[in-house]
Amino acid sequence: MADDPHILIVDDERDIRDPLASYLGKNGVRITKAESAAAARAILAVHAIDLVLLDIMMPGEDGLALAGFIRATTTIPVILLTAKSEEMDRILGLEIGADDYVTKPFSPRELLARIKAVLRRTAAGPASPVHAPDAAGFAFANWILRTGERELVDADGVAVPLSTGEYNLLHAFVTHPKRVLTRDQLLDLSQGRELAAFERSIDNHISRLRRKVEVDPSDPKLVKTVWGGGYMLAADVRRI
């Protein structure tokens, strides 16, 4: 039914993903499945999802990184699927903004009850932007990236214009600081894959971004190249 909640299950293990989808589908839930964070991002870009069930441990981009992206860009509730050994990851996930977690192995009936409880809590009003236009952003080095206004501001409060591609790329960096990101990960994180005409296009975006944030773009200290790996924002980042 069109009024049934639409749940996205993100888990790389088919033996968990498929039986869970079958059980929830028989209990009044519409299901879309994703085997990776990259697949989940593509689904979130085109589907109206009411809740995400998200496995923490996945190859490539893990569930915590995806949860951070979902919380930074949407108001979609997230329930983490975790192993007993992942206590610190559960705590971090809740700090990121996950709404609940269920420990594997779990009872599908209990999970369904938790889904309904989270949906009831979030059904009070329509989805709204996470960030007020002048209220939130990321501070790093001598810069502030204002997410509501989608602009970069220097230490003197002067706004530096960013293209959509530059903003999305910088947002990917500040949400994953001090972490090496490959070109493929950057394209996925910045939702720029459809704009990439060729593999090295990300390098051109990096070069333009460096001209705006680096003191000396020829000797970058913030957006560093990690040879054989990708790029990394080598700065502490603080949410404001």
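Just so we're clear, the structure is a prediction, and the values are computed from it rather than from any experiment.

1. Brief notes about the environment of Asp100
Considering the arrangement of structural elements, one finds Asp100 in strand E5 (residues 100-103). Sequence spacing of Asp100 and Val78 is 22 residues, and the spatial spacing of their C-alpha atoms is 6.9 Å. Excluding anything up to four places from it in sequence, Asp100 contacts Val78, Ile79, Leu80, Leu94, Arg114 and Val118.

2. Digging into the packing of helix H2 (residues 37-46) against helix H3 (residues 63-73)
Running from N to C, H2 and H3 point in directions that differ by 20 degrees, and their axes come no closer than 10 Å. Considering their axes alone, H2 and H3 lie roughly parallel with respect to each other. Like other packed secondary-structure pairs, H2 and H3 cross with a definite hand, here right-handed. Taking contact as the criterion, the partners of Ala37, Ala40, Arg41 and Leu44 in H2 are, on H3, Ala65, Leu66, Phe69 and Ile70. Here the residues of the contact of H2 with H3 are counted per class, giving 7 nonpolar, no polar and 1 charged.

3. Remarks on the environment of Trp143
Secondary-structure assignment places Trp143 in strand E7 (residues 143-146). The spatial distance from the C-alpha of Trp143 to the C-alpha of Ala159 is 9.8 Å, given a sequence separation of 16 residues. Among residues more than four places away in sequence, those in contact with Trp143 are Phe138, Leu152, Val153, Asp154, Val160, Lys212, Val213 and Leu222. Among the polar contacts made by the side chain of Trp143, one reaches the main-chain carbonyl oxygen of Val213 at a distance of 3.2 Å.

4. Some details on the nonpolar core
The biggest cluster of nonpolar side chains holds 26 residues, and the ones touching the most others in it are Phe140, Leu152 and Phe173. Those elements that provide at least two residues to this core are strand E6 (137-140), E7, helix H6 (164-174), helix H7 (183-189), helix H8 (201-213) and strand E11 (230-233). Top element by residues in this core is H6. It accounts for 6 residues. Core analysis: the next-biggest nonpolar cluster, separate from the first, contains 21 residues, Val52, Leu54, Ala67 and Ile76 among them.

5. Description of the pattern of salt bridges
Here the structure, examined in full by the defined rule, presents 15 salt bridges. The shortest N-O distance in the salt bridge between Arg14 and Asp18 comes to 4.0 Å. Of the two residues, Arg14 and Asp18 are both situated in helix H1 (residues 14-25); the distance of 4 residues between them amounts to about one turn of the helix. The class for Arg14 is exposed, based on a relative accessible area of 57%. Arg146 serves as the salt-bridge partner of Glu151, at 3.2 Å between the closest nitrogen and oxygen. Each of Arg14, Arg17, Asp18 and Lys33 takes part in one network of salt bridges that share partners.

6. A few points about unusual backbone geometry
Cis peptide bonds are those with omega within 30 degrees of zero, and the linkage from Lys104 to Pro105 qualifies with -5 degrees. Looking at the secondary structure, you find Pro105 in the loop between E5 and helix H5 (108-122). With a phi close to 55 degrees, Arg150 is a non-glycine residue in the positive phi region. With respect to the helices and strands, the residue Arg150 is situated in the loop between E7 and strand E8 (151-153).

7. Overview of the sheet that holds E5
Taken in spatial order, the 5 strands make up an open sheet running E2-E1-E3-E4-E5, and their pairing is parallel. Taken across any chain shown, the strands that pair with only one partner, and hence form the sheet edges, are strand E2 (30-34) and E5. The mean angle between the axes of side-by-side strands here comes to 20 degrees, regardless of whether they run parallel or antiparallel. Relative to strand E3 (residues 51-55), strand E1 (residues 6-10) runs parallel, the two sharing 4 bridges. Paired with Leu8 across the bridge in E3 is Val52. Sitting on the sheet, H3 is in contact with E1, E3 and strand E4 (78-82), with an inclination near 160 degrees to E3.

8. Things to note about the confidence of the model for the protein
Across the protein, the average pLDDT comes to 83, with 86% of residues at 70 or higher. Averaged over each element, pLDDT in the protein is lowest for helix H4 (residues 87-96) (73) and highest for E1 (95). This stretch, residues 124-135, has a pLDDT under 50; its non-local contacts, to residues over four places away or in other chains, come to 17 contacts. Per-residue pLDDT stays below 50 along residues 193-199; that stretch engages in 7 contacts with residues further than four places along the chain or on separate chains.

Conventions used here
- Residues numbered from 1 in each chain as written.
- Predicted model: local features only at pLDDT ≥ 70, side-chain atom pairs only at ≥ 80, totals over all residues.
- Heavy atoms only, no water.
- Helix = DSSP H or I, 4+ residues; strand = E, 2+ residues; numbered from the N terminus.
- Contact = heavy atoms within 4.5 Å.
- Axes fitted to C-alpha atoms, helices over the stretch in contact; angles between N-to-C directions.
- Parallel < 35°, antiparallel > 145°, perpendicular 65-115°, else oblique.
- Left-handed = near helix turned anticlockwise from the far one by under 90°.
- Nonpolar A, V, L, I, M, F, W, Y, C, P; charged D, E, K, R; others polar.
- Polar contact = N/O pair within 3.5 Å; in protein donor to acceptor, adjacent residues only side chain to side chain.
- Core = buried A, V, L, I, M, F, W, Y, C linked by side-chain atoms within 4.5 Å.
- Buried < 20%, exposed > 50% of the residue type's maximum accessible area, 1.4 Å probe, protein only.
- Salt bridge = Lys/Arg side-chain N within 4 Å of Asp/Glu carboxyl O.
- Pairing = 2+ DSSP bridges.
- pLDDT = per-residue confidence, 0-100.

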